[in-house]
Every structure is written in structure tokens, then in C-alpha cells.
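Residue-level structure breakdown
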Amino acid sequence: MPDFESHFIVSKTSWRIYISFTGNIIEKNYETADLIKINDFLFLKLNIPETNQYIHGNKLLIENGILWIADSIPDKSPKIIEIHTIDFNFMDFQIEGLFFGIAHWLSAYYNIEMPAYNVKYERHKRKYIFLFNEDNKESTNLLYPEGFVDILHKQKDQSSYFKRIISIFST
């Protein structure tokens, strides 16, 4: 089976978020020892080299993006979400893209709607802000888990991109 690919894009200004995911869903008997358990029927296998510390250091957002859309997946039989590539350019990226990108990939794969969210661009913060209904605290907690800013502070590569993100989330 060829890999399935989808692209998550947010573009409300001249700056955008663009991220693509490529992978497959495996629905057969498998060993779960090396997999990340999302819930009772979903497991994640990141076929991304461990040397890609940015992806592996932020995989919680990928896991939470899967969890965010999991209830919408029609078939609750056990399956592995196997991701082979995650492609983005830091010039067209914001960390939330990992969360929404994997949810978009699953929604496209299963031809289902993504859960409701809103996005707006705040020019003074130079970033997109993602919002959920006020009564949807669970989605907010999945997107911005406790310690999210701490994770950004601990990144080993303190490039100007990370410094900009840290300053945005610290305000």
C-alpha cells in the first residue's frame, strides 16, 4: 500500500503554517512493545530517525493531536498509525502544526471532519492563535499541555526561531 500524504495549511496573512505528514494505518496483528499507546485501539509508530530531536522532543503534540480526533475515527479496532515523514520548513511553521497536522492527516485518511476549532492571526504576537469553544477545556489542554512552555525552554537548539517562540509563549 502506498503511503498516504496530507498537508495542513493555515494562511490568513503573508505568513502561513504548512506541514505535511506521510504514513499508513496498519490494521493487523502486531507487537505493541515498541509503539506509543494513544488509547485502547490506537498506537503510534514514528518512523522518524531519533536524530530528529525536534520531532521526538515534541511528539506529545502529535500524540495529543491523535487523541483529539480519536473519537471521530469510525472503526475502533486496534491499529497502528505509522508516520514515515513529517515535512515542514521552519519559515512556514508554528509548533501547533504538529497537533493539527496529524489530526488533519487522520481526518483526510478516514474522510471525516476535524473537530471544531478557530484560528486567528495576532499581528502584535506574530503568531496564529488557536481557539476552542469555552466549554471545551479538554481540547485546549491537549493542544497546550501542562509544561508546554517548559518544553520549549529546554530545547537544546536555541536558534532564533526557538527564541522567538519562547518569547511569544512567555508573554
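Residues numbered from 1 in each chain as written. Predicted model: local features only at pLDDT ≥ 70, side-chain atom pairs only at ≥ 80, totals over all residues. Heavy atoms only, no water.

Let's talk about the overall build of the protein chain
Across its full length, the protein chain carries six helices and seven strands. Along its sequence from the N terminus, the protein chain presents helices and strands in the succession β-β-β-β-α-α-β-α-β-β-α-α-α. When each of the 171 residues of the protein chain is scored for burial, the buried share is 47%. Of the contacts made within the protein chain by residues no fewer than 6 positions apart, 70% connect residues no fewer than 24 positions apart. (Helix = DSSP H or I, 4+ residues; strand = E, 2+ residues; numbered from the N terminus. Buried < 20%, exposed > 50% of the residue type's maximum accessible area, 1.4 Å probe, protein only. Contact = heavy atoms within 4.5 Å.)

Quick word on the pairing of strand 2 (residues 16–26)
Burial analysis of strand 2 places nine of its eleven residues in the buried class, the great majority of the element. Note that strand 1 (residues 4–11) and strand 2 share eight bridges and pair antiparallel. Looking at the pairing, S6 lines up with F21 of strand 2. Here strand 1 folds back onto strand 2 in antiparallel fashion, the turn holding four residues. In this sheet, strand 5 (residues 79–88) lies alongside strand 2 in antiparallel orientation, the contact comprising eight bridges. Bridged to F21 within strand 5 is I86. (Pairing = 2+ DSSP bridges.)

With respect to the side chain of T13
Mapped onto the fold, T13 is located in the loop between strand 1 and strand 2. Only 2.9 Å separates the side chain of T13 from the backbone nitrogen of W15, close enough to count as a polar contact. Once you skip the residues sitting within four places of it in the chain, T13 turns out to touch Y121, R123 and Y128. (Polar contact = N/O pair within 3.5 Å; in protein donor to acceptor, adjacent residues only side chain to side chain.)

Details of the nonpolar core
By size, the foremost hydrophobic cluster in this structure holds 43 residues, and its most contacted members are I86 and L98. In terms of residues, this core owes the most to one element, helix 3 (residues 96–110), which gives eight residues. Residues contacting L98, with those up to four places away along its chain left out, are I19, F21, I55, N58, L61, I62, I86 and F93. (Core = buried A, V, L, I, M, F, W, Y, C linked by side-chain atoms within 4.5 Å.)

Digging into helix 3
Between its terminal C-alpha atoms helix 3 stretches 22 Å, which fits the 21 Å expected from 15 residues at 1.5 Å a residue. With twelve of 15 residues buried, helix 3 is to be regarded as a mostly interior element. Of all the positions in helix 3, only E96, G97, L98, F99, F100, G101, I102, A103, W105, L106, S107 and Y110 are classed as buried. Just beyond helix 3, the residue with positive phi is N111, at close to 55°. (Expected span 1.5 Å × (residues − 1).)

Remarks on the pattern of salt bridges
Tallying each qualifying case throughout the model produces six salt bridges. A salt bridge links K127 to E96, with the shortest nitrogen-to-oxygen separation between them at 3.4 Å. On the criterion of sequence distance, the pair formed by K127 in strand 7 (residues 127–131) and E96 in helix 3 is long-range, its members being 31 residues apart. Per residue, the accessibility class of K127 equals that of E96, and both read buried. (Salt bridge = Lys/Arg side-chain N within 4 Å of Asp/Glu carboxyl O.)

A few points about the sheet that holds strand 3 (residues 36–37)
Across the sheet, five strands lie side by side as 1-2-5-4-3; this open sheet has mixed pairing. With one partner strand each, in any of the chains shown, strand 1 and strand 3 form the two edges of the open sheet. Contacting strand 3, strand 4 (42–46) and strand 5, helix 2 (residues 59–69) crosses the sheet at an angle of about 145° to strand 4. This element, helix 3, spans strand 1, strand 2 and strand 5 of the sheet and lies at about 50° to strand 2. (Axes fitted to C-alpha atoms, helices over the stretch in contact; angles between N-to-C directions.)

Re the confidence of the model for the protein chain
Parts of the prediction with low pLDDT should not have their coordinates interpreted in detail. Averaged over the protein chain, the pLDDT score is 85; the fraction of residues at 70 or greater is 84%. Confidence, expressed as mean pLDDT per element, reaches its minimum in the protein chain at helix 6 (residues 160–170) with 49 and its maximum at helix 3 with 97. In the model, residues 152–162 has pLDDT below 50 throughout and makes 20 contacts with residues more than four positions away in sequence or in other chains. (pLDDT = per-residue confidence, 0-100.)

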